Protein chains: 2
Amino acid sequence: MTMEHHTNDKSGTFAKTIRIVDIARMAGVSTATVDRVIHHRGKVSAENLARIRAVLEQVDYRPNLIARSLASGREHVVAVVMPEFAAGEYWADFEAGILRAEAEASRYNVTVRRFRFDQYDRTSFERVLATLREETFDAVVLATLFAERVIPFTQELDERNIPYVFVDSDLPTCHRLAYFGTSSFDAGAVAARLLFERLDPSADIVVGKILHRGEGGSNQCRERERGFCDYLARHDFRGVLHAVELRLDDEACNTRILDELFAHHASIAGAVTFNSTCYILAGYLSARRRSGVRLVGYDVIDRNRRMLDEGVVTALVAQRPEVQGYRGVMSLSAWLVEGRRPAEVNNLPIDILLKENISYYTNNNI
Amino acid sequence: MTMEHHTNDKSGTFAKTIRIVDIARMAGVSTATVDRVIHHRGKVSAENLARIRAVLEQVDYRPNLIARSLASGREHVVAVVMPEFAAGEYWADFEAGILRAEAEASRYNVTVRRFRFDQYDRTSFERVLATLREETFDAVVLATLFAERVIPFTQELDERNIPYVFVDSDLPTCHRLAYFGTSSFDAGAVAARLLFERLDPSADIVVGKILHRGEGGSNQCRERERGFCDYLARHDFRGVLHAVELRLDDEACNTRILDELFAHHASIAGAVTFNSTCYILAGYLSARRRSGVRLVGYDVIDRNRRMLDEGVVTALVAQRPEVQGYRGVMSLSAWLVEGRRPAEVNNLPIDILLKENISYYTNNNI
DNA sequence: ATCGCAAGTGTGTGCGCACACACCGGCAAT
DNA sequence: ATTGCCGGTGTGTGCGCACACACTTGCGAT
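What counts, and where the lines are drawn
- Residues numbered from 1 in each chain as written.
- Chains lettered and ligands numbered in written order.
- Predicted model: local features only at pLDDT ≥ 70, side-chain atom pairs only at ≥ 80, totals over all residues.
- Heavy atoms only, no water.
- Helix = DSSP H or I, 4+ residues; strand = E, 2+ residues; numbered from the N terminus.
- Rg over C-alpha atoms; globule rule 2.2 N^0.38 Å.
- Buried < 20%, exposed > 50% of the residue type's maximum accessible area, 1.4 Å probe, protein only.
- Contact = heavy atoms within 4.5 Å.
- Areas by Shrake-Rupley, 256 points an atom, 1.4 Å probe, with all protein chains shown as cover.
- Axes fitted to C-alpha atoms, helices over the stretch in contact; angles between N-to-C directions.
- Parallel < 35°, antiparallel > 145°, perpendicular 65-115°, else oblique.
- Left-handed = near helix turned anticlockwise from the far one by under 90°.
- Nonpolar A, V, L, I, M, F, W, Y, C, P; charged D, E, K, R; others polar.
- Pairing = 2+ DSSP bridges.
- 1 Å grid on protein atoms, 1.4 Å probe; cavity = no way out; pocket = protein on both sides within 12 Å on 5 of 7 lines; lining within 4 Å.
- Points joined across faces, edges and corners; volume = space filled by probe spheres on them.
- Least-squares fit on C-alpha atoms with pLDDT ≥ 70 in both.
- Salt bridge = Lys/Arg side-chain N within 4 Å of Asp/Glu carboxyl O.
- Polar contact = N/O pair within 3.5 Å; in protein donor to acceptor, adjacent residues only side chain to side chain.
- Near = heavy atom within 4 Å.
- Right-handed = clockwise from strand over helix to strand, strands pointing away.
- Expected span 1.5 Å × (residues − 1).

## Quick word on the overall build of chain A
- Tallying secondary structure elements over chain A gives 13 helices and 12 strands in all.
- In terms of overall size, chain A is more extended than a compact globule, its C-alpha atoms giving a radius of gyration of 27 Å where 366 residues would be expected to give roughly 21 Å.
- The buried share among the 366 residues of chain A stands at 53%.
- Considering only contacts in chain A between residues 6 or more positions apart, those separated by 24 or more positions represent 69%.
- When the accessible surface of chain A is summed, it comes to about 17200 Å², and 49% of that surface belongs to carbon and sulfur atoms.

## Looking at the packing of helix α4 (residues 65–72) of chain A against helix α4 (residues 65–72) of chain B
- Running from amino to carboxyl end, α4(A) crosses α4(B) at an angle of 125°, the nearest separation of the two axes being 9 Å. By the criterion of interaxial angle, the relationship of α4(A) to α4(B) is oblique. Judged by the twist between their axes, the crossing of α4(A) over α4(B) is left-handed. Together, I66(A), A67(A), S69(A) and L70(A) of α4(A) and I66(B), A67(B), S69(B) and L70(B) of α4(B) make up the contact between the two elements.
- When the residues that make up the contact of α4(A) with α4(B) are grouped by side-chain class, the tally is six nonpolar, two polar and no charged.

## Quick word on the sheet that holds strand β9 (residues 294–298) of chain B
All names here are of chain B.
- Here we have six strands laid out as an open sheet, ordered β7-β6-β8-β9-β10-β12, and mixed in their pairing. Lying at the two open borders of the sheet, with one neighbouring strand each, are β7 (241–246) and β12 (351–353). For this sheet, the mean inter-axis angle between neighbouring strands, taken without regard to orientation, is 20°.
- Bridging between strand β8 (residues 268–273) and β9 involves three bridges; their strand directions are parallel. Bridge pairing links A271 to L295 in β9.
- Packed on one face of the sheet, helix α9 (residues 219–234) meets β6 (204–210), β7, β8 and β9 and runs near 175° to β6.
- Against the sheet, helix α10 (residues 251–264) contacts β6, β7 and β8, and its axis sits at roughly 165° relative to β7.

## What to know about empty space enclosed by the protein
- Counting across every chain of the model gives one cavity of 30 Å³ or more.
- Space inside the largest cavity adds up to approximately 110 Å³.
- Looking at the largest cavity, it is lined by 16 residues, and the ones nearest its centre are L194(A), E197(A), L194(B), E197(B) and L354(B).
- Listing elements by their share of the lining of the largest cavity, those giving two or more residues are α8 (184–196) of chain A together with α8 (184–196) of chain B.

## Overview of the relation of the copies chain A and chain B
- After a rotation of 180° and a shift along the axis of 0.3 Å, chain A superposes on chain B with an RMSD of 0.6 Å. The relationship between the two copies is best expressed as a two-fold rotation axis.
- With an isologous cut-off of 70% or more, the 100% of interface residues of chain A that recur at the interface of chain B puts this contact in the isologous class.

## Some words on the interface of chain A and chain B
- Listed by partner, the interface residues are 46 residues for chain A and 46 residues for chain B.
- Run the count over chain A and chain B and you get four salt bridges.
- Measuring nitrogen to oxygen at the nearest pair gives 2.9 Å for the salt bridge that ties R193(B) to E356(A).
- Where chain A packs against chain B, one counts eight residue pairs in polar contact (both at pLDDT 80 or more).
- The leading source of residues in the side of chain A that touches chain B is α4(A), at seven residues.
- A breakdown of the residues in the side of chain A that touches chain B according to their chemical character gives 19 nonpolar, 13 polar and 14 charged.

## Digging into the protein's contact with DNA strand C
- If you check the shell around DNA strand C, you find 27 residues, and the closest are R41(A), Y61(A), R68(A), R36(B) and N48(B).
- Sugar plus phosphate: this is where 70% of the atoms of DNA strand C within 4 Å of the protein reside.
- At 3.2 Å from a phosphate oxygen of DNA strand C is found a main-chain nitrogen or oxygen belonging to N64(A).
- N48(B) is positioned with one of its side-chain polar atoms (N or O) 2.5 Å from a phosphate oxygen of DNA strand C.
- At the level of secondary structure, the elements contributing two or more residues to the surface near DNA strand C comprise α4 of chain A together with α2 (31–38) and α4 of chain B.
- Classifying every residue of the surface near DNA strand C by side-chain character gives 10 nonpolar, 10 polar and seven charged.

## Notes on the pairing of strand β8 (residues 268–273) of chain A
All names here are of chain A.
- Burial runs high along β8: six of the six residues are buried.
- Pairing geometry for strand β6 (residues 204–210) and β8, over five bridges, is parallel. Looking across to β8, one finds that I205 is bridged to G270.
- A crossover links β8 with its parallel partner strand β9 (residues 294–298), the connecting element being helix α11 (residues 278–287), and its sense is right-handed.

## Describing helix α13 (residues 321–338) of chain A
All names here are of chain A.
- Compared with the 26 Å implied by 1.5 Å per residue over 18 residues, the 25 Å span of α13 between its first and last C-alpha is a close match.
- Of all 18 residues in α13, 15 are buried; the element is thus mostly enclosed.
- Backbone geometry just after α13 places G339 at a positive phi near 70°.

## Remarks on the sheet that holds strand β2 (residues 110–117) of chain B
All names here are of chain B.
- Read from one edge to the other, the open sheet built from six strands follows the order β2-β1-β3-β4-β5-β11, with strand pairing classed as parallel. In this open sheet, the two edge strands, each paired with only one partner strand, are β2 and β11 (345–347). Shown here is a sheet whose adjacent strand axes are inclined to one another by a mean of 15°, direction ignored.
- Strands β1 (76–83), β2 and β3 (139–143) of the sheet are contacted by helix α6 (residues 122–134), whose axis makes an angle of about 145° with β2.
- The strands that helix α7 (residues 147–160) touches are β3 and β4 (164–167); relative to β3, the one it contacts most, it runs at about 175°.

Below, the structure is given as structure tokens:
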């Protein structure tokens, strides 16, 4: 019995979609041979290959990805190498993006596997890399915190022919498929502008840093600091930058250090951190009732958001971590499933958050 | 001959995907009956309906959208009612979002039809609405510029049972499926903060307005102005607001008006517009070399961007038009294809652009 | 008793593609 | 002459779903 099925109108008008059978008919071969050409599976005579290619070209064949995905049932695994985190921390937002991408990409049989490390401990990152060597996956999203360890690892990936994208900060020398993140250098300049705009050019500035169980700060923090200093240099800054090393978990110690600093330098009127821990400085300023210090930091995490709301933090500079996660995974998904190559460098917007606009800065808004 | 096909592992482990056949088997009916329940096609006994629904619920059945789209071949048409525009104007960015959504949704047989009106001419909007009455479509994205015309039209849509979403500014009284845009009121407050932050509280401020071939400004502009004034009132503003009516296409006239204004009010130190035409004021300030006036406006369109780069405009407040277009269409697509209901109010972030971060504010970054 | 009809149900086909497998011819090794 | 092998080719099945159509029952009308 012949059945019409829904109108596909293969007879009347012209606008029909071209399928593999059509190609096959045009080239005078079977669909399997066309399939071999499309997927470079070989085993096709030079003659047929040329003819099929010509037809493919001529009709500008576009495979139906829906059907392909249905039929192939092939699973693609995207590995994501990222820091561990607690709720409300920076990488939680990144994770939210991963989750959203996961939900969307699962339609195309793409799954995500997470590999987490301690962002303050280089050896934990190395352990993750070791694990990765034993695992199989089709692509990787790499957070580049430990740049000097990432670079050699990408060579292994190159050899294994596994595509990878970077997030957080870029390492342009690697053969990454793409980068998603802000220009850390320019994000430094933005912080400088926000801090310096209303400052006396001869006022001093505190630069809060966090001690790492390893080397001195991430690649990203270094770049931001460069951009920050560059801006000051170009804008007639005549004060002094006081770097202080603070601790994540020792408030008493931080207080002691800062008390001493402020005691010796009355002209401090600004403060900045290059990672997401400006809430530490904010907590101090708030506790000591020092309202005369402008404070600028990075990333909209819960604790920073609160301090901005309370007026202790002047401004936050943010980098859309959720978008980084989402697009990192989605770009690889598109590459694996459709062979669609993403733009290589994707510098995301540098967001500025003030008390007045922070409340709408949420993750569910792409 | 039985063929294994790629490993779908319906026997061994647990993680198999649940299909309609599985539901049917569990409920002791055929797939067609399950299909009738899923699509509310009726003709199912109360008994079976209850049982099938229970199974559906219990296993949390998620249809395979890929397969559905392949099989159904059903077309959904999303109408988009939006202003005409030239390249580089505000609505061009919105259009970019529409295009992106279109590309993505076309996989699910969703197509977009545009209906354009002249944003400065109310009668042209009414003509579009008249056209819409004759057309068939499955859902609408409505730009709410002419609020008082939109409201009665949504009643017609309600009667025709056609879902619609708003963009640009919200009209909470309508039965919209969703709204995508900023809180205009708060965006007004942000502009006030950016403008007023470094201003002498007793300085005067110019408010630039554009004459409309109709009533006085859009719903959005009115709301922004309210938020702006509210902020000033709460922050001890003691100057005067001078509203001036400018023209889109008559520079000489604008110059005359502004010359006169500045001649009479030497204490003007700030300027603002509540739509995207702050480049007009900027052009004047630049031509007259008046560097002592802080200028804040809305929307990152080409001409504003240039003025920000040159330092004539102090800051721009932006509202992610591209996201509005994208999500407007995508939310309706998801609703039509999957029956997934979006959040009702989606207040997008209010973006702040300065000379230092404008260069990364592009549309291709979601 | 027969028919018509409606409500309810099941069977089968195809969407466009990927891929397992069978197959065919020719040529070298036994 | 038989076997094996290999480059090259075609056939058939199923992915999960939507839907056209055939079918079954029960009941009232003729």
